[in-house]
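Residue-level listing of the chains:
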2 protein chains.
Amino acid sequence: MGRLQAAALELFAEQGFERTTVAEITQRAGLTTRTFFNHFTDKREVLFKPLSGMQKEVVTRGIADCSTALSPLDAVLTGLQAAADELFEERRAAVRRRQGIIEANPELLERELGKRAALTDTMAAALRARGLDHDDALLIARVGALVHQTAMQRWTESTDERPLREFLTDAMCSLRAVVSRDESGVSTRQH
Amino acid sequence: MGRLQAAALELFAEQGFERTTVAEITQRAGLTTRTFFNHFTDKREVLFKPLSGMQKEVVTRGIADCSTALSPLDAVLTGLQAAADELFEERRAAVRRRQGIIEANPELLERELGKRAALTDTMAAALRARGLDHDDALLIARVGALVHQTAMQRWTESTDERPLREFLTDAMCSLRAVVSRDESGVSTRQH
DNA sequence: CCCGTGATTGCACGTGATGTAATCACTGTA
DNA sequence: TACAGTGATTACATCACGTGCAATCACGGG
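In this report, we go over the structure that sits alongside the text.

Reading guide: rules and limits
- Here the residue numbering is sequential within each chain, running from 1 through the sequence in written order.
- As they are written, the chains are lettered A onward and the ligands numbered 1 onward, keeping that order.
- Per-residue local features are limited, in this predicted model, to residues with pLDDT of at least 70; the limit for side-chain atom pairs, both in listing and counting, is 80 or more; totals at the level of whole chains, interfaces and linings are taken over all residues.
- Nearness rests on one distance test: the residue's C-beta atom, set from the backbone, must lie within 6 Å of the molecule or strand.
- Helix and strand labels come from DSSP, where a helix needs a run of H or I of at least four residues and a strand needs a run of E of at least two; each type is numbered from the N terminus.
- When the copies are superposed, the least-squares fit draws on C-alpha atoms of residues that have pLDDT of at least 70 in both.
- Here, residues touch in the contact sense if the C-beta positions derived from the backbone fall within 7 Å of one another.
- Any residue that is not Ala, Val, Leu, Ile, Met, Phe, Trp, Tyr, Cys, Pro, Asp, Glu, Lys or Arg is counted as polar, Gly included; the first ten are nonpolar and the last four charged.
- Nonpolar cores are identified as sets of buried Ala, Val, Leu, Ile, Met, Phe, Trp, Tyr and Cys residues joined via C-beta atoms within 7 Å.
- To sort residues by exposure, count the other C-beta atoms lying within 10 Å of each residue's C-beta; 20 or more gives buried, 12 or fewer gives exposed, and values between give partly exposed, all with C-beta atoms placed from the backbone.

Things to note about the protein's contact with DNA strand D
So, step 1. Contacts to DNA strand D come from 13 residues, most closely from A:Leu31, A:Thr35, B:Thr21, B:Val22 and B:Lys43.
So, step 2. Contributing elements (two or more residues each) for the surface near DNA strand D: α3 (33-39) of chain A together with α2 (22-29) and α3 (33-39) of chain B.
So, step 3. At 3 residues, α3(A) tops the list of elements feeding residues into the surface near DNA strand D.

Laid out in structure tokens, this is it:
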């Protein structure tokens, strides 16, 4: 299975996603197309399956393990920071390559959005396990996902070497700044 | 083209999305599969093309037209309220049916996420047209998308008859409550 | 009556994806 | 050594999605 991922990554980088067929991938890996679909439901999934699985585990555990004294949002950030440290920090170059492949193709972008939504749902579930209300959990998980998305983007696009976890806290600060200043407040009070 | 959408909606509601083929849709509409793909790039697109096009227009215009005295975030909310009034408010039942179809199928969900992301990008572009910084525009547009998503969900799931625009302002308030209260604040200050 | 334009169609083709059954590789056991 | 069982791999058949291309149709204006 690792061989299929490696072959797929190479070919996607060489010729792009749509211009490479599953047959090519399996051929380079010394397997058949049928076994490819035994491991991955999708041609796209070869780019997502391993990472999103680990991410889900790490974040869930990070949320479950941290002190109940933390606010729910801080618990989510803690979980995301755990994933940042354990999964992304030391693979910045690889993450960049992968992201380049994904952003070059609309289908892959959609799949990534799907994975982000799935991660959001598992974060919400982890919050509910801490006793949070159903709707509150979902909203807070979505805020966490927004912060995560913003931080990841700025981290991969940035040239300096600051660790990802700092981008997370920075993104959280940016969000607070945008949301909590009520310069006019009109549309939030009318009704 | 309207006939294709109608036929597709019927069949998706009757037998589900994956269990209905493009051939069936065109057959019910009295056309051929080839012309289906002349109108829609995708089998999925038949559910999204018309609505997302109008939504993009209305929201963009709403942001561009409203007073520059409004904060960027309020401008986004104004645009989303315009879309709420003009496109959704009077079609609540239809929106519910459509949403039921989408949520029953992972592929359709991914496409919807893609459309949401596209709308987010156009909102960011509209904000930049108001002179906003590139990154700020994107962040604020994403906050708007989050509020929109939350409001739409609560609106379609709710039983009472309050208008969608009120759900938008409520969701914005919920977001403010979640983000701006710093009960612990630990993870936002550490670094 | 003819012409131009746009929508529709027919046909051929490659690719993605699935169900089923056969085969292979490998492990433990007698 | 032989054998049985288990899981991964394979071969084969099949279907639906989606595209490129050329032909045809509908139709309003000159």
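That shown, we press on.
Digging into the environment of A:Leu164
So, step 1. Structurally, A:Leu164 can be placed in helix α9 (residues 164-180).
So, step 2. Spatially, the C-alpha atom of A:Leu164 lies 20 Å from that of A:Phe48, the residues being 116 residues apart in sequence.

Re the relation of the copies chain B and chain A
So, step 1. You can overlay chain B on chain A at an RMSD of 0.1 Å; the transform is a turn of 180° with a shift of 0.0 Å along its axis. Both copies of the chain, as the preceding transformation shows, are related through a two-fold rotation axis.
So, step 2. Taken as a fraction of all interface residues of chain B, those also at the interface in chain A reach 100%, which identifies the copy contact as same-surface.

A word on the protein's contact with DNA strand C
So, step 1. In the neighbourhood of DNA strand C, 13 residues make up the surrounding shell, with A:Thr21, A:Val22, A:Lys43, B:Leu31 and B:Thr35 lying closest.
So, step 2. Sort the elements by how many residues they give to the surface near DNA strand C and α3(B) lands first, with 3 residues.
So, step 3. In terms of residue class, the surface near DNA strand C is built from 4 nonpolar, 5 polar and 4 charged.

Regarding the nonpolar core
So, step 1. A:Leu168 and B:Leu168 are the most contacted members of the largest nonpolar core, which has 69 residues in total.
So, step 2. Excluding residues that lie within four positions of it along the chain, A:Leu168 makes contacts with A:Leu77, A:Leu80, A:Gln81, A:Ala84, A:Val147 and A:Ala151.
So, step 3. Counting residues in hydrophobic clusters, the runner-up holds 13 residues, among them A:Ile25, A:Phe36, A:Leu47 and A:Leu108.

Overview of the environment of B:Ala141
Residue and element names in this part refer to chain B.
So, step 1. Relative to the assigned elements, Ala-141 resides in helix α8 (residues 134-157).
So, step 2. When the C-alpha positions of Ala-141 and Leu-119 are compared, they lie 8.8 Å apart, and in sequence the two are 22 residues distant.
So, step 3. Every residue in contact with Ala-141, bar those within four places of it in the chain, is listed here: Val-76, Thr-120, Met-123, Ala-124 and Leu-127.

Focus: the interface of chain B and chain A
Interfaces are often sized by the amount of accessible area the parts lose when they come together.
So, step 1. Each side of the interface is counted separately: chain B has 36 residues, and chain A has 36 residues.
So, step 2. Residue assignment for the side of chain B that touches chain A shows that the elements contributing at least two residues are α5 (72-88), α7 (106-129), α8, α9 (164-180) and α10 (186-189) of chain B.
So, step 3. Top element by residues in the side of chain B that touches chain A is α9(B). It accounts for 10 residues.
So, step 4. For the side of chain B that touches chain A, a count of residues per class yields 17 nonpolar, 12 polar and 7 charged.

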